[in-house]
Amino acid sequence: MRLVRTWLCATASGLHTSVFSQPMCQLVTRGQTSFPTSTEQPPPNLGPSSNFKMDPNLILKKAPPLHPAWLAHEKAFNLLTAKPVITDPNVSQKLYSDTCKAVNAELLADRDKYLTEHIATLEMRLEPNPGSANAHSIPIRKYFPISSSPVTKNIVIYFHGGGLYVGDLDSEDLTCRRICKALNCTVYSSSYRKMPQFTADDALSDALCTFKEVASLKKEGKLVVIGSSSGGQLAGQISLHYRTLKSDLIDGVLLRGPVTCNATEGGKYLPDRFKDVHTSMSKAFHTSLLSGAALNNENRTTTVLPLEAEDLSGMPSHWIQVSTNDIYYSDGVCYAEALREAGVEVNLDVVEGWPHTFWLKAPYLERAVQAESDMIEGLRQLLERDVQKVKVV
């Protein structure tokens, strides 16, 4: 495996040109894991079928009213009008990327200009199998404070969302900058191969490759893995993988609107113990931001999803943020409750009346700024937590 540094840019301007690739990669693991092989199908009903107790206040039969500020935003930006159908994945991926870059440029030139100050970025490519038939590269962007005092020790590894269909290093650039600046830590943001050109297993393989390489750079301080939406799925699967390896490498996991299971087709693929409490995969939770599941039984990973894990004991501390008006609301709260039941320290932040990852799609709004601030404080808790880790047996 080889890590290639492309160029260094001190962020006086704050904007960078991303380089994209569509490689192939094998799953990078070591030792025995809980992952099925690529020829196996994950069992739909893992874990005990009874005795799961969930806070009834977290079970929503229908979504609450959307917040007036969001309704005003929808109207101002015509989000309720029919959108053109784009069938070419390359076109949709480029459109998403260009939209994110435009929003970033506008905010970094004005309100968020401070996020370009005293931060440097380094564009890198990870090459898991150089010289082989499966040779490819994984784009990574490193964010780090310039002339920081005290010396930066903590590392954050960040996986963007996008349903495993869209998204790149620019999708959540502002969030990565905010983390780096507010908490004086080094952030590694990783992209991965997308569907439908590649598979969900390819995306997970890339995420594992990135994590393994970056984690090897840790000398001291804390290591936290973060993911939003489908990136939250990847972060969850990585933390499960290392828990199965009996590793205490990960100090904390932060998930925002995470995908943790396959609740499509009436919940037939959910583990039995969650079938009565996972309620958000329905039209009642559809919004202009998300009105259909990206993950289904045909395109999912062949490895277990976070909520399908039989045993969550010994997992790192978690901070999870969910929105009530989101088809993936129950994914997040069920996972939080399952972790808590397994004895894992979990903090759950429920944002009422707002849709899936709204802080990315409407970063100008006051509540979006607050959600980012809450995330920063949640991450601060994970980085500053100093409790002896539970040994996994």
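Note that the structure is a prediction, hence the values are computed from the model and not measured.

**Student:** Can you walk me through the pairing of strand β3 (residues 138-145) in this structure?
**Tutor:** On any regular strand, side chains alternate: one points to one face of the sheet, the next to the other face. Of all eight residues in β3, seven are buried, a share of seventy percent or more. With eight bridges joining them, strand β2 (residues 119-127) and β3 adopt antiparallel strand pairing. Residue pairing in the sheet places Leu122 in a bridge with Lys142 of β3. In this structure, β3 lies alongside strand β5 (residues 186-190), joined through four bridges in antiparallel fashion.

**Student:** Teacher, can you tell me more about the environment of Asp112 here?
**Tutor:** Along the chain, Asp112 falls in the loop between α2 (89-108) and β2. Note: C-alpha distance between Asp112 and Arg177 (65 residues apart in sequence) is 9.9 Å. Beyond its immediate sequence surroundings of up to four residues, Asp112 is in contact with Leu107, Leu174 and Arg178.

**Student:** Mind showing me how you'd approach the packing of helix α3 (residues 173-183) against helix α9 (residues 366-384) here?
**Tutor:** Any two packed helices are characterised by the angle at which their axes cross and by the distance between the axes. Contact geometry of α3 with α9 gives a least axis separation of 10 Å together with a crossing angle of 50 degrees. Relative to α9, the element α3 is oriented oblique. Between α3 and α9 the crossing geometry is right-handed. For the pair formed by α3 and α9, the contact residues are Thr175, Arg178, Ile179, Ala182 and Leu183 on the first element and Glu372, Met375, Ile376, Leu379, Arg380 and Leu383 on the second. Class assignment for the residues of the contact of α3 with α9 results in seven nonpolar, one polar and three charged.

**Student:** What's the story with helix α4 (residues 200-215) in this structure? I'm lost.
**Tutor:** Each turn of an α-helix holds 3.6 residues, which means side chains three or four residues apart point in the same direction. Across its 16 residues, α4 extends 22 Å between first and last C-alpha, which sits within 8% of the 22 Å expected from 1.5 Å per residue. The buried fraction of α4 amounts to 14 of the 16 residues, a majority that puts the element mostly inside the structure.

**Student:** Quick question: what am I supposed to make of the side chain of Arg125 here?
**Tutor:** Relative to the helices and strands, Arg125 is located in strand β2. No salt bridge is formed by the buried Arg125, whose closest oppositely charged neighbour, Glu127, lies at an N-O distance of 7.0 Å. A polar side-chain atom of Arg125 sits 3.2 Å from a polar atom in the side chain of Ser137.

**Student:** Is there a simple way to think about the packing of aromatic side chains in this case?
**Tutor:** Given two aromatic rings, their pairing is described by the distance between the two centres and the angle made by the two planes. Using the criterion set out here, one finds four aromatic pairs in the structure. The interplanar angle of 65 degrees and the centroid separation of 6.3 Å between the aromatic rings of Trp70 and Trp354 together place this pair among those described as edge-to-face. Here Trp70, found in helix α1 (residues 68-76), pairs with Trp354, found in strand β9 (residues 346-355); they are 284 residues apart in sequence, far enough to count as distant. By the burial criterion, Trp70 is buried, and Trp354 matches it. Ring geometry for Phe358 against Trp359: centres 5.2 Å apart, planes inclined by 70 degrees, an arrangement best described as edge-to-face. Each member of the pair, Phe358 together with Trp359, is buried. What links up through ring pairs into an aromatic cluster is the set Trp70, Trp354, Phe358 and Trp359. The side chain of Lys142 reaches across the aromatic face of Phe144, ending 5.0 Å from its centre. One cation-aromatic arrangement involves Arg193 over Phe198; the distance from NZ or CZ to the ring centre is 5.6 Å.

**Student:** When you look at the pattern of salt bridges in this model, what are you seeing that I'm missing?
**Tutor:** Note that side chains of opposite charge can pair when their charged atoms are close. Under the defined criterion, the tally for this structure stands at 22 salt bridges. Taking the shortest distance from any N to any O, the salt bridge between Arg141 and Glu123 comes out at 2.7 Å. In this pair, Arg141 is assigned in strand β3 and Glu123 in strand β2, connecting sequence segments 18 residues apart. There is no split in this pair, since Arg141 and Glu123 are both buried. The partner of Arg380 in a salt bridge is Glu377, and the shortest N-O contact between them spans 3.2 Å. With Arg380 and Glu377 both in helix α9 and three residues apart, the pair spans about one turn of that helix. Since its relative accessible area comes to 36%, Glu377 is described here as partly exposed. Beyond isolated ion pairs, a larger network of salt bridges with shared partners links Arg111, Asp112, Arg178, Arg256 and Glu372.

**Student:** How should unusual backbone geometry be read in this particular structure?
**Tutor:** Leaving glycine aside, a negative phi is the common case for residues, and trans is the common case for peptide bonds. Note that the residue after Met195, namely Pro196, is joined by a cis bond; omega there is 0 degrees. Despite not being glycine, Ser229 shows a phi value in the positive range, around 55 degrees. Of note in the backbone geometry, Lys246 takes a positive phi value of approximately 60 degrees without being a glycine. Within the element layout of this structure, Lys246 appears in the loop between α5 (230-244) and β7 (252-256).

Rules used in this analysis
- Residues numbered from 1 in each chain as written.
- Predicted model: local features only at pLDDT ≥ 70, side-chain atom pairs only at ≥ 80, totals over all residues.
- Heavy atoms only, no water.
- Buried < 20%, exposed > 50% of the residue type's maximum accessible area, 1.4 Å probe, protein only.
- Helix = DSSP H or I, 4+ residues; strand = E, 2+ residues; numbered from the N terminus.
- Pairing = 2+ DSSP bridges.
- Contact = heavy atoms within 4.5 Å.
- Axes fitted to C-alpha atoms, helices over the stretch in contact; angles between N-to-C directions.
- Parallel < 35°, antiparallel > 145°, perpendicular 65-115°, else oblique.
- Left-handed = near helix turned anticlockwise from the far one by under 90°.
- Nonpolar A, V, L, I, M, F, W, Y, C, P; charged D, E, K, R; others polar.
- Expected span 1.5 Å × (residues − 1).
- Lys, Arg positive; Asp, Glu negative; His and termini not counted.
- Salt bridge = Lys/Arg side-chain N within 4 Å of Asp/Glu carboxyl O.
- Polar contact = N/O pair within 3.5 Å; in protein donor to acceptor, adjacent residues only side chain to side chain.
- Phe/Tyr/Trp six-rings, centres within 6.5 Å; stacked < 30°, edge-to-face > 60°.
- Lys NZ or Arg CZ within 6 Å of the ring centre and 35° of its normal.

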